[in-house]
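# A structural walkthrough
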There are 2 protein chains.
Amino acid sequence: MGEHLAFHGTVIHSLGLSELEIIEDALMVVSDGRIVRLDKHIPKAEVPTLLESLSSPKEVRYLGRGEFLIPGFVDTHNHAPQYAQRGLGQSMHILDWLDKVTFPNEARFQDIGYAKRIYSQCVDGFLKQGITTASYYGSLHADATNILADLCLQKGQRAFVGKCNMNRNAPEFYRDASVESSLADTEACIRHIRKIDPEGKLLKHVLTPRFATTCDPELLKGLGKIASENPDLPIQTHFNEAEQEINFTKTLFPEFKNEADLYESFGLLNRRSILAHCCFMTDYEMDRLKSLECGVAHCPISNMTVGGGFMASPIRQFLGRGIKVGLGTDSGGGYSSSILDAMRQALVASNAREVASQGQDRGLGISELFFLATLGGAQVCCLDDKIGNFEVGKEFDALLINSGTPGIMTMLEDWDSTETIFDKFIMTGDDRNIDQVYVRGRLVKS
Amino acid sequence: MGEHLAFHGTVIHSLGLSELEIIEDALMVVSDGRIVRLDKHIPKAEVPTLLESLSSPKEVRYLGRGEFLIPGFVDTHNHAPQYAQRGLGQSMHILDWLDKVTFPNEARFQDIGYAKRIYSQCVDGFLKQGITTASYYGSLHADATNILADLCLQKGQRAFVGKCNMNRNAPEFYRDASVESSLADTEACIRHIRKIDPEGKLLKHVLTPRFATTCDPELLKGLGKIASENPDLPIQTHFNEAEQEINFTKTLFPEFKNEADLYESFGLLNRRSILAHCCFMTDYEMDRLKSLECGVAHCPISNMTVGGGFMASPIRQFLGRGIKVGLGTDSGGGYSSSILDAMRQALVASNAREVASQGQDRGLGISELFFLATLGGAQVCCLDDKIGNFEVGKEFDALLINSGTPGIMTMLEDWDSTETIFDKFIMTGDDRNIDQVYVRGRLVKS
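Residues numbered from 1 in each chain as written. Chains lettered and ligands numbered in written order. Predicted model: local features only at pLDDT ≥ 70, side-chain atom pairs only at ≥ 80, totals over all residues. Heavy atoms only, no water.

Chain A is annotated in an unreviewed UniProt entry as Guanine deaminase of Neoarthrinium moseri. Listed under Catalytic activity (unreviewed entry) in UniProt, the entry text for chain A is "guanine + H2O + H(+) = xanthine + NH4(+)". Listed under Sequence similarities (unreviewed entry) in UniProt, the entry text for chain A is "Belongs to the metallo-dependent hydrolases superfamily. ATZ/TRZ family." (UniProt positions renumbered as here; feature names shortened; annotations may be inferred.)

Structure follows, in structure tokens:
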């Protein structure tokens, strides 16, 4: 499936934070899921002869005006069980939101049938919106988490899938029974993914302590041990998300002055760590993240809505220090599971920071937002050797954009440059303009 | 067309700012475009007999689970010519955005063919997204503005349509030639609308000085005179939008301490005035707006994006003082022409105000956002005797929502209450979930 592909037309990808490359008349050849050629400025008429000489596929998809290829979107932070609760509890305070909406909803994933149905909708919904790589928090249930992994593999999504660890400060009906059972379930999920995807072509288990506040020190220690024994496994947690949460953490762990020291001491901070939110950050903690090579999952939608909250993360400062940053939809805390919406909200959040910092932290531009949604996310997931842009040798995770699909995207005019068309898509397009989605060369939406 | 309609099922509308009324098993009967009955708690089985006794239409649309009627959305502020530029220039500073994107684009509307094409897309696009009433800024061209009015009438949208007045501080290629020609063109547009819709069933001309900075005092004076001679005409302008603009206004009109006094002195502030933005407001100016009964068009999308800006308007304070408030998409300054997006961004903006005011200005809840998008907008337009909710006697401007349409809306669960379904639609639905759109009982989208 999708073993040999060739495209001719416009290709747009990021080479770096502010290096958007727009290649017109590109010829891209994909073989066995990998990009084997990306030639620039190839007149359409020369394509057949060129492919002939390359003993490449003879079938070429010629992209018309308004069509272009971009790398697949990377969602560095979201909660798969919350796919079913997107948009709910927006005016509740964060603890009410957890107690009244989220925990009761996640508890339902003990029911295998429910898990299958919602996770199937979730993976389909993400792929439809162009999310080719997702770092998923599961519920605390090992069985449901394994189902999520099965579905990602079956539907062809690249994913980190994590059984959520939480054995305290959560309701009786929704917490791990003990440290031992929480760790044993985690080990079972790791084995499951290694069984179904032994080469890790698409899947990895991700160690997922929900927060420090919901994990006994013994549990964090156990997860740190698994992390050190399994240097291939990514790690994710919520980090300095809300003042309430930060203060509560300090009460529970008075021996640590901040979350960076706390998680590091348990062996949970390294280059494989994906830290969601990072809203309240001191210079010290930013330095620690940089030294430890941790990545930030910026989730502007939930940061600015759920729990009546509003906190814009200091993204420009992270970028200035060379800290890896990607975008997260954080659905369902974030009401939308679209990375396009996350990009737009990241623009708003960065404008808020610009004003709050009196112009110091410059707002983000569209090419920077696009970087965060693609290559930046790949870096956060330590997958940038495989995906994130169209470098020859990388795997082909791509979206074929069609600006002309009937929907609500701003229509094209004859005089629009390719950059203008790209801006129109980023700011006004939606899933209807994502015509095809490829992961490792496999067509997963058409 | 649409002379007799009957619906049975769920109806949701606002009775006031925090009074969301959800009526299940409602029977709504519409005759000649007007709501003639709205009965509550009518079992489905009784509907045929009841209608028989009323000599009402025999054909009833029975709404299923996930379907409900809401009032049409009111967009109190947007620029029709900018429909073609939504999403462009998001990272430019405001003056660059005007000079490089907006003015050259609006200048194109001298071309009648272009105006027809874009305005047709614009009205279709708005109706598709459930905007049954729009207050449009046109370009400065009388002919193009008349075409916009023709199209609204033909396609069945309720609209205020305004030729934009601007005779200075705009480029040579895009400004009114003189005060006289600007006023004469305005008069011609007023006559045109009175000719094509003599009873004002759908259309009104709206007096539209772009800003004080783009109008000579003589022009403002002339518009004020037209306003006083035509007490049926609404008035719209941009008001205290950006610090730059406010300072420039003070330079041009040193005799006024603030924009409220300025516009009032020219006879442009009264209960028919729709003031877009109102971001920077003193107590004095809020008092003036309240006394003069002006309405506020809150445009959170553009306030937080265009020109790298970020300013959240003090909506809670307006509401607390009893000032009328509605929502504006402000497309194309706002990248989206969806009122659902405007509601979500109003939530974000209100959260920003809550944080900035240390909790004083409470964030807006979903029922309040919905009020702003419907009844609040109708009040701002002084149309609340006709539209905005489903009071018996009002005209039937309505959207039939179908939560089950394939799209990206959060799917329904068996245990969802009607309120939960409503929240899912408001926060995650889009135009695909707007199955039918009615204006004055006429089906304008199906």
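Back to the write-up after that little detour.
The number of helices and strands found in chain A is 14 helices and 18 strands. A compact globule built from 446 residues would reach a C-alpha radius of gyration of about 22 Å, and chain A, at 21 Å, matches this within 12%. Each of the three principal axes of chain A carries a C-alpha extent, and together these read 70 × 55 × 40 Å. Across the 446 residues in chain A, those meeting the buried criterion constitute 67%. Considering only contacts within chain A whose residues lie at least 6 apart along the sequence, 73% involve residues at least 24 apart. For chain A, the accessible surface area stands at approximately 15,200 Å², while carbon and sulfur atoms represent 49% of it. One way to put it: in chain A the 45 positive side-chain charges average out to a point 3 Å from where the 59 negative ones average out. (Helix = DSSP H or I, 4+ residues; strand = E, 2+ residues; numbered from the N terminus. Rg over C-alpha atoms; globule rule 2.2 N^0.38 Å. Buried < 20%, exposed > 50% of the residue type's maximum accessible area, 1.4 Å probe, protein only. Contact = heavy atoms within 4.5 Å. Areas by Shrake-Rupley, 256 points an atom, 1.4 Å probe, with all protein chains shown as cover. Lys, Arg positive; Asp, Glu negative; His and termini not counted. Charge placed at Lys NZ, Arg CZ, Asp CG, Glu CD.)

Another aspect to go through is the packing of helix α3 (residues 112-128) of chain B against helix α4 (residues 142-155) of chain B. Residue and element names in this part refer to chain B. Orientation of α3 relative to α4, taken along the N-to-C sense of each, is 35 degrees, at an axis distance of 9 Å. Once α3 is placed against α4, the crossing between them reads as right-handed. Counting all contacts with α3, which are made through I112, A115, K116, Y119, S120, V123, D124 and L127, the residues of α4 involved are D143, A144, I147, L148, L151, C152 and K155. Looking at side-chain class alone, the contact of α3 with α4 contains 10 nonpolar, 1 polar and 4 charged residues. (Axes fitted to C-alpha atoms, helices over the stretch in contact; angles between N-to-C directions. Left-handed = near helix turned anticlockwise from the far one by under 90°. Nonpolar A, V, L, I, M, F, W, Y, C, P; charged D, E, K, R; others polar.)

An α-helical segment advances 3.6 residues per turn. Residues three or four places apart therefore align on the same side. Counted residue by residue, helix α14 (residues 418-428) of chain A has 10 buried out of 11 residues, so it is predominantly covered. Along α14(A), the residues that are buried comprise T418(A), T420(A), I421(A), F422(A), D423(A), K424(A), F425(A), I426(A), M427(A) and T428(A).

Taken together, the contact pairs 48 residues of chain B with 48 residues of chain A. Counting each side, the surface lost to burial between chain B and chain A is near 3,800 Å², with a carbon and sulfur contribution of 55%. Across the contact surface, chain B and chain A share 4 salt bridges. For E413(A), the salt bridge goes to R117(B), with nearest N and O atoms at 2.7 Å. Remark: the boundary between chain B and chain A carries 14 residue pairs in polar contact (both at pLDDT 80 or more). (Buried area = accessible area lost by both parts, 1.4 Å probe. Salt bridge = Lys/Arg side-chain N within 4 Å of Asp/Glu carboxyl O. Polar contact = N/O pair within 3.5 Å; in protein donor to acceptor, adjacent residues only side chain to side chain.)

We now examine the side chain of D397(B). All names here are of chain B. Mapped onto the fold, D397 is located in the loop between α13 (366-380) and β16 (398-402). Separated by 2.8 Å, the side chain of D397 and the backbone nitrogen of R440 make a polar contact. With residues near it in sequence (within four places) discarded, D397 still touches I70, P71, G72, T132, T133, R158, I387, F390, Y438, V439 and R440.

Here the focus is the packing of aromatic side chains. In the structure shown here, the tally under the stated rule is 35 aromatic pairs over all chains. Both rings, one in F68(A) and one in F425(A), keep their centres 6.0 Å apart while their planes meet at 80 degrees; by these two values the pair is edge-to-face. With F68(A) in strand β5 (residues 67-71) and F425(A) in helix α14, this pair connects stretches of sequence that are 357 residues apart. Looking at F425(A), the relative accessible area reads 0%, which means it is buried. Here F7(B) and Y438(B) contribute two aromatic rings whose centre-to-centre distance is 5.8 Å and whose plane-to-plane angle is 85 degrees, an arrangement assigned as edge-to-face. (Phe/Tyr/Trp six-rings, centres within 6.5 Å; stacked < 30°, edge-to-face > 60°.)

Below, the discussion takes up the domain arrangement of chain A. Residues and elements named next belong to chain A. Split by domain assignment, chain A resolves into domain 1 (4-71 + 389-445) and domain 2 (73-380). Taken over both partners, the interface formed by domain 1 and domain 2 buries close to 2,400 Å², and the fraction arising from carbon and sulfur atoms is 68%. For domain 1, the biggest contributors to the area lost against domain 2 are L17, I426 and M427; these three give 26% of the whole. At the boundary of domain 1 and domain 2, one finds 2 salt bridges. Between D397 and R158 there is a salt bridge, with the nearest N and O atoms lying 2.8 Å from each other. Linking domain 1 with domain 2 are 7 residue pairs in polar contact (both at pLDDT 80 or more), by the criterion used here. (Domains from an automatic or database assignment.)

To continue, consider the sheet that holds strand β15 (residues 324-327) of chain B. All names here are of chain B. The sheet built from 4 strands is open, its strands ordered β12-β13-β14-β15 with parallel pairing. In the strand order of this sheet, the two ends are held by β12 (235-239) and β15, each with one partner. Between one strand axis and the next, the sheet turns through 30 degrees on average, direction left out of account. In terms of strand pairing, strand β13 (residues 273-277) meets strand β14 (residues 295-298) through 3 bridges, oriented parallel. Each bridged residue has a counterpart across the sheet, and for L275 the counterpart in β14 is V296. Strands β14 and β15 of the sheet are contacted by helix α12 (residues 339-356), whose axis makes an angle of about 120 degrees with β15. (Pairing = 2+ DSSP bridges.)

Time to look at the side chain of T208(A). Residues and elements named next belong to chain A. Secondary-structure assignment places T208 in strand β11 (residues 208-209). Residue classification places T208 among the buried residues on the basis of a relative accessible area of 0%. Of note is the side chain of T208, whose polar atom sits 2.7 Å from the backbone oxygen of V206.

Let's shift gears to unusual backbone geometry. S331(A) connects to G332(A) through a cis peptide bond whose omega is -5 degrees. Relative to the helices and strands, G332(A) is located in the loop between β15 (324-327) and α12 (339-356). Located in the positive-phi region is H277(A), a residue other than glycine, with phi close to 85 degrees. You can see H277(A) is positioned in strand β13 (residues 273-277). Of the residues examined, H277(A) reaches a relative accessible area of 0% and is grouped as buried. The phi angle at E293(B) is positive, at roughly 65 degrees, despite the residue not being glycine. Position of E293(B) relative to the elements: it lies in the loop between α9 (283-292) and β14.

Looking now at the relation of the copies chain B and chain A. Each of the two copies of the chain can be brought onto the other by a rotation about an axis and a shift along it. In the superposition of chain B on chain A (RMSD 0.0 Å, axial shift 0.0 Å), the rotation amounts to 180 degrees. Such a combination of rotation and displacement between the chain copies is what one expects of a two-fold axis. Most of the interface of chain B is mirrored in chain A: 100% of its interface residues are interface residues there too. (Least-squares fit on C-alpha atoms with pLDDT ≥ 70 in both.)

Residues and elements named next belong to chain B. Read from one edge of the open sheet, 4 strands run β6-β7-β8-β10, paired in parallel fashion. Sheet topology places β6 (73-79) and β10 (203-205) at the edges, where each strand pairs with a single neighbour. On average, adjacent strands in this sheet sit at an angle of 15 degrees to one another, irrespective of strand direction. When strand β8 (residues 158-162) meets β10, the two strands line up parallel, connected through 3 bridges. The residue bridging V161 from the neighbouring strand is H205, located in β10. Each of β7 (131-137), β8 and β10 is contacted by α4, which is oriented at about 175 degrees to β8, the strand it contacts most.

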